[in-house]
Amino acid sequence: MPADPGSTPEHLSAPSEPYPVPPRPAPASSTSGGTGLIERDLASLQAEAGRIRAAAHGNRITFSPKVFIPLTMLCRDRCGYCTFAKAPARVAAPYLSLDQVLAIARAGRAAGCHEALFTLGEGPEDRYPAARQWLADHGYTSTVDYLVAACRAVVEETGLLPHANAGALGRDDLLRLRAVSASQGMMIESVNPDLAAHRSAPDKTPARRLATLEAAGEAGIPFTTGLLVGIGETRADRVATLEAIVDSHRRHGHVQEVIVQNFLPKAGTSMHQWPPCPTGEFLWTIAAARVILPPDIHLQAPPNLSDDLGPLLASGIDDWGGVSPVTADHVNPERAWPELGILRGATEAAGHTLAPRLTLYPSFALDPGRWLDEAMRFPVLDASDAEGLGRDHPWASGSEVPPPLLVGARVAPGTGAGSGDGTGSTAGTAATAAPAAPAAPPVATLASTGSAVGEVLAAVMDGAAVGEDEIVTLFGARGPEVRSVAAVADQLRIDAVGDEVTFVNNRNINYTNVCTFKCKFCAFSKGPLSLNLRGRPYLLELSEISERVAEAEARGATEVCLQGGIHPNFDGEYYLHVIQAVREASATIHIHGFTALEVTEGARRSEMPLADYLVLLRDAGLKTIPGTAAEILDDPVRAVLCPDKINTEEWLFAHRTAHQVGLRSNVTIMFGAVEQPRSWARHLVRTRDLQAETGGFTEFVPLPFVHMATPIYLQKRSRRGPTFRETLLMHAVGRIAYRGMIDNIQISWVKMGAEGVRQILQAGVNDLGGTLMDENISRAAGASHGQMMDAERFAAIVEPLGRTLSQRTTLYGRVERPGADVLASAR
Ligand code: SF4
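Below, the structure is looked at part by part. What you see is a predicted model, and the numbers here were worked out from it, not measured in a lab. (Residues numbered from 1 in each chain as written. Predicted model: local features only at pLDDT ≥ 70, side-chain atom pairs only at ≥ 80, totals over all residues. Heavy atoms only, no water.)

### What to know about the packing of aromatic side chains
All chains considered together, the criterion is met by 20 aromatic pairs. Taking 4.8 Å as the distance between ring centres and 35° as the angle between the ring planes, the aromatic pair formed by Tyr95 and Trp134 counts as tilted. In this pair, Tyr95 is assigned in the loop between strand S1 (60-72) and helix H3 (98-110) and Trp134 in helix H4 (residues 129-137), connecting sequence segments 39 residues apart. Here Tyr95 and Trp134 have matching classes, each one buried. What links up through ring pairs into an aromatic cluster is the set Tyr511, Phe570, Tyr574, Tyr575 and Phe594. A cation sits over an aromatic face here: Arg235 above Trp284, 4.0 Å from the ring centre. Above the plane of the ring of Tyr812 lies Arg808, whose end atom (NZ or CZ) is 4.1 Å from the centre. (Phe/Tyr/Trp six-rings, centres within 6.5 Å; stacked < 30°, edge-to-face > 60°. Helix = DSSP H or I, 4+ residues; strand = E, 2+ residues; numbered from the N terminus. Buried < 20%, exposed > 50% of the residue type's maximum accessible area, 1.4 Å probe, protein only. Lys NZ or Arg CZ within 6 Å of the ring centre and 35° of its normal.)

### Structural notes on the nonpolar core
Residues Val485, Ile545, Phe594, Leu617, Leu641, Ile736 and Leu768 are the most contacted members of the largest nonpolar core, which totals 120 residues. Broken down by element, the residue count for this core peaks at eight residues, all from helix H27 (residues 724-737). Once residues lying within four places of it in the same chain are set aside, the contact partners of Leu768 are Val501, Thr502, Phe503, Gln746, Ile747, Trp749, Val757, Leu761, Phe794, Val798 and Leu805. Tyr146, Met186, Ile221 and Leu312 belong to the second-largest nonpolar core, a separate cluster that totals 94 residues. (Core = buried A, V, L, I, M, F, W, Y, C linked by side-chain atoms within 4.5 Å. Contact = heavy atoms within 4.5 Å.)

### Digging into helix H6 (residues 171-178)
The set of residues buried in H6 consists of Leu174, Leu177 and Arg178. One side of H6 carries all its buried residues, which in axial view fall inside an arc of 105°. (Arc of directions from axis to C-beta.)

### What about the side chain of Asp385?
Turning to its location among the elements, Asp385 is positioned in the loop between helix H14 (374-383) and helix H15 (443-448). Judged by its relative accessible area of 3%, Asp385 falls in the buried class. In contact with Asp385, not counting residues within four places along its chain, are Gly390, Arg391, Arg478, Arg719, Thr723, Arg725 and Glu726.

### What about the site of the ligand?
Around the ligand, the neighbouring residues are Cys515, Phe517, Cys519, Phe521, Cys522, Ser525, Gly565, Leu597 and Lys645. For the shell around the ligand, the residue count by class is six nonpolar, two polar and one charged. (Near = heavy atom within 4 Å. Nonpolar A, V, L, I, M, F, W, Y, C, P; charged D, E, K, R; others polar.)

### Brief notes about the sheet that holds strand S20 (residues 814-815)
In spatial order, the strands read S18-S10-S19-S20; together these four strands make up an open sheet with mixed pairing. Edge strands, defined here as strands with exactly one partner in the open sheet, are strand S18 (767-770) and S20. For strand S10 (residues 500-504) and S18, the ladder comprises two bridges, and the chain directions are parallel. By the bridge assignment for S18, Thr502 is matched with Asp767. (Pairing = 2+ DSSP bridges.)

### A short note on the side chain of Asn59
With respect to the secondary-structure elements, Asn59 resides in the loop between helix H2 (42-57) and S1. Ignoring any residue separated from it by four or fewer positions in sequence, one finds Asn59 in contact with Gly351, His352, Thr353, Ser451 and Glu481.

Given below as structure tokens:
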């Protein structure tokens, strides 16, 4: 791009007149806000800030993995400290092209980022003909017009969530950007209107900034703002700036975070001779911000502008802001981002845990109707975990992506079972030394750092039972806390059942995939909702059921697991006929079948009480019923997932009734589609209460939602299942919550793959479920871990962990496994 003859690049590239060096900021005499805050010493403010942070946000510190996209480095303003803005002659082109924008975003996506932070100068077309020309040549009317297009391209092409940082804007521009971004931001910097730093920056007038903040609130935009410390303002100015932010937030509730940023002089700017913001003043301001701001507003200090991160944490921040594994901080290019490992180390050394977030914070992400344009709701959901934070790894249940290493050691490829597909050979199954997750910190150490997870675990170690709130706390574990939850769960597993890992040799028989119900998570059923999904409708003949049973028994199966859709033509007799078909083929095979929904429907269609109907099935040969159809036992969640299915009370009633007539059953939970951990906790507590009443549950079986081909995901209304951390915690927390009540915690290998199973076996699990032979339901939803396992493949996972594999019956008796001794001695 040729130099723009109409521009004045020398203004930007080399400051004409350095601003006079100010005296060191001294504590102002004002007691602004009537709080006496300005005279307070740093130590007392930090102590109070720490208490507020702990009460509101616990020990969690967040960061946003992001890329920076400097859409244009031209700007109509000239702030005294800025090296971001350039003259047209000093940039290759006035704006990044859409291809350049997308290349940055794609690199960010590949590196695990969730956010695309658009940084740009303000209204450069007002100052530079070159900018006006570029926009006209490309069909855009303004920089904001182009920013809207760039945001849309990024979210549509890459799934990264745009955060627009476009400066002082009016309501119309804010609303246009709201349709293509998940949050927006603009630093107030200071409400002092007389700062020399802003004398050539008309957009930095406090009135204009505050008007933008107010308009963003009226428009329902999750908004990031903040102040700059050390540009000539006083403490009283800073307090006034914070109070102005609070006022706007009180009216609209939209300020999600406040950034407190320290001024550092930069060569080539008018303020290059100014002293850097004194560390004490910076820390004082952070702590004062935490005291002044409502606790729900998050507080951030950029980690790349300080050499020592500990004091920032000590001053009350709960967020590190954007950390980019891909792009430089274009506003402070001389200050490299700390590597994530360094950030994690500093965070954990101070007794905190680190969690990735989205560009908008959880309270906003979990209330999309209020805070997000409809077009942005699914992109946010798709990047979210159950708490509304950012997914921490690309793994999804049922996928072939290996999970992150959270506990134990990974088995290296070539040593037997490390392929993650459940098909590892049995040769050479010893675990290699590396890589390994760090050891779990002792619970007492964790508790002493103020970790709520540590405190709950300490109580568990003392024998306490966990209630709903404690379970929610455990599900919030991050980093070292996850390892401690897994370690405690595994100790409880050893106490309850020792080192044996069991499985049952069984066959799934799904007699029909035709179903009148409209469960939105179900890719298996073939009804009006799922016509486009793979597979054809089918209904097995009873003779075919008999043949499959005979074949299964010939191959050593001790159980058949019978489940299917609710076919419109079924009457209550159908389920009796299925049992009879099984019994025709085998007099002894264990019949595990018919969900709470199926037996409830069977009784209804037979017009008889459920207890009487269950007795009929029991007397015909039914032994146990599966816990499926539980999904999440929390009715507001069921109203979304399966509105026409039995409700929580009906599921509990069916199982209570089954237990009362002598049929045992298990507890399942299908988690990770739309709900939050509070619903998981209610599910655990409600089923535990029933177990206390009847003692009829044999095991707990977490079933992570497999999203790929489900109607609700394809309709863009669910997450992509639980994260691996959430899945591991579901098994571990289940072990803790059911202590003394349910001894067996089962993992579904179909949804996890071998590496996932290996790790979760070290988090409280003692059972691998069934060999299955024909697994249809998870596969229909997109799971890719195969249709059957056998004892050898199970052994390849279990034995390198120093555990022994045993074949069990459905009710946890032991089955002599032919050839097991031979296999064991061959290893
Ligand atoms: S989950 Fe069961 S009841 Fe629901 S649609 Fe699928 S097959 Fe039918």
